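# Descriptive analysis of the structure
Listed below, chain by chain, are the residues.
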Amino acid sequence: MPDKVLIAFDGSPLSERALTYALETFSVANFTALYVINPIDSILDVEAGGLPVAEDWYDNARERARRIHARATDLAAEYDVDLDTITEIGKPERVILEYVDDNGVDQIVMGSHGRSGLDRMLLGSVAETFTRRARIPVTTIG
C-alpha cells in the first residue's frame, strides 16, 4: 500500500471519482489534492473576454482553486480524512511530475478527462502523459 497518494483534482466529476477511489482504496495513506493553474487558460480567457478578463485572470484562477480545494476537502471529510491541498502554476504534466519527484509520492490517482471542452482534451492528454512517463503507479478513473 502506498504511503503518499497524490490526486490530480480539478473539480470535475471524474476527479471527484478519483478522490473517492483513492480514499476508499488507500485508506491509511497520506493524501494530497493538487490543482494546477495553467497560464494557457489566461490566453483563452482573454480571447473570449477581452482585456478586462486579462487583468483579473490570476485572481479568478486562485478563487477557482480555492473553491475546488474546498470541494476536495469536503469529500475527504466524508471519509474522516485530513486532506492536504496544493495549488501550483504551470503546465500540468510538468508540475505534477515535479511535485511527485520532490515529495516522495508513491501513487497518483486522476480522472481520465478534465472538466469539458478544451479542458477535457487537455487533461486527457495529461492523463496519457502520466501513464507513459511516471515512475510510480498511476490509476486513471474513467
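Data block above holds the structure.
As the structure is a prediction and not an experimental result, all values here were calculated from the model.

## So, the side chain of His-69
Summarising the element assignment, His-69 is placed in helix 3 (residues 51-77). Judged by relative accessible area, which is 9%, His-69 ranks as buried.

## What about the pattern of salt bridges?
If charged atoms from side chains of opposite charge come close, those side chains can pair. Here the structure, examined in full by the defined rule, presents five salt bridges. Here Asp-101 and Arg-135 are joined by a salt bridge, their closest N and O atoms 3.0 Å apart. Here Arg-135 lies in the loop between helix 5 (117-133) and strand 5 (138-141) and Asp-101 lies in helix 4 (residues 92-103), a separation of 34 residues in the sequence.

## Brief notes about the nonpolar core
Val-5, Ile-7, Phe-9, Leu-19, Phe-31 and Val-109 are the most contacted members of the largest nonpolar core, which has 23 residues in total. Broken down by secondary-structure element, the contributors of at least two residues to this core are strand 1 (4-8), helix 1 (13-25), strand 2 (30-37) and helix 3. In terms of residues, this core owes the most to one element, helix 3, which gives six residues. Not counting chain neighbours up to four residues away, the residues in contact with Val-109 comprise Val-5, Leu-6, Ile-7, Ala-8, Ala-18, Tyr-21, Ala-22, Phe-26, Thr-139 and Ile-141. Grouped together as the second largest cluster of nonpolar side chains are 12 residues, Leu-34, Tyr-99, Val-105 and Ile-108 included.

## Some details on the environment of Ala-8
Within the fold, Ala-8 resides in strand 1. Among the residues examined, Ala-8 registers a relative accessible area of 10% and is labelled buried. Sequence spacing of Ala-8 and Thr-32 is 24 residues, and the spatial spacing of their C-alpha atoms is 8.5 Å. Discounting residues that sit within four places of it in the chain, Ala-8 has contacts with Ser-15, Leu-34, Ile-96, Val-109 and Met-110.

## A closer look at the environment of Thr-73
Its location among the elements puts Thr-73 in helix 3. Given a relative accessible area of 34%, Thr-73 falls into the partly exposed group. Sequence-distant contacts of Thr-73, that is, excluding residues within four places in its chain, are made with Leu-83 and Thr-85.

Thresholds applied
- Each chain carries its own residue numbering, running from 1 in the written order of its sequence.
- pLDDT decides what is reported in this predicted model: residues at 70 or higher carry local features, side-chain atom pairs at 80 or more are listed and counted, and totals for whole chains, interfaces and linings draw on all residues regardless.
- Hydrogens are left out, water is left out, and the side-chain values use all remaining heavy atoms of the structure.
- Going along the chain from the N terminus, every DSSP run of H or I of four or more residues is numbered as a helix, and every run of E of two or more is numbered as a strand.
- Exposure categories follow from relative accessible area, calculated using a 1.4 Å probe and restricted to protein chains: below 20% of the type maximum is buried, above 50% is exposed, and the middle band is partly exposed.
- Just to be clear on terms, a salt bridge is a Lys or Arg side-chain nitrogen sitting within 4 Å of an Asp or Glu carboxyl oxygen.
- Residues belong to one nonpolar core when they are buried, are Ala, Val, Leu, Ile, Met, Phe, Trp, Tyr or Cys, and are joined through side-chain atoms within 4.5 Å.
- Residue contacts are counted whenever heavy atoms from the two residues lie within 4.5 Å of one another.

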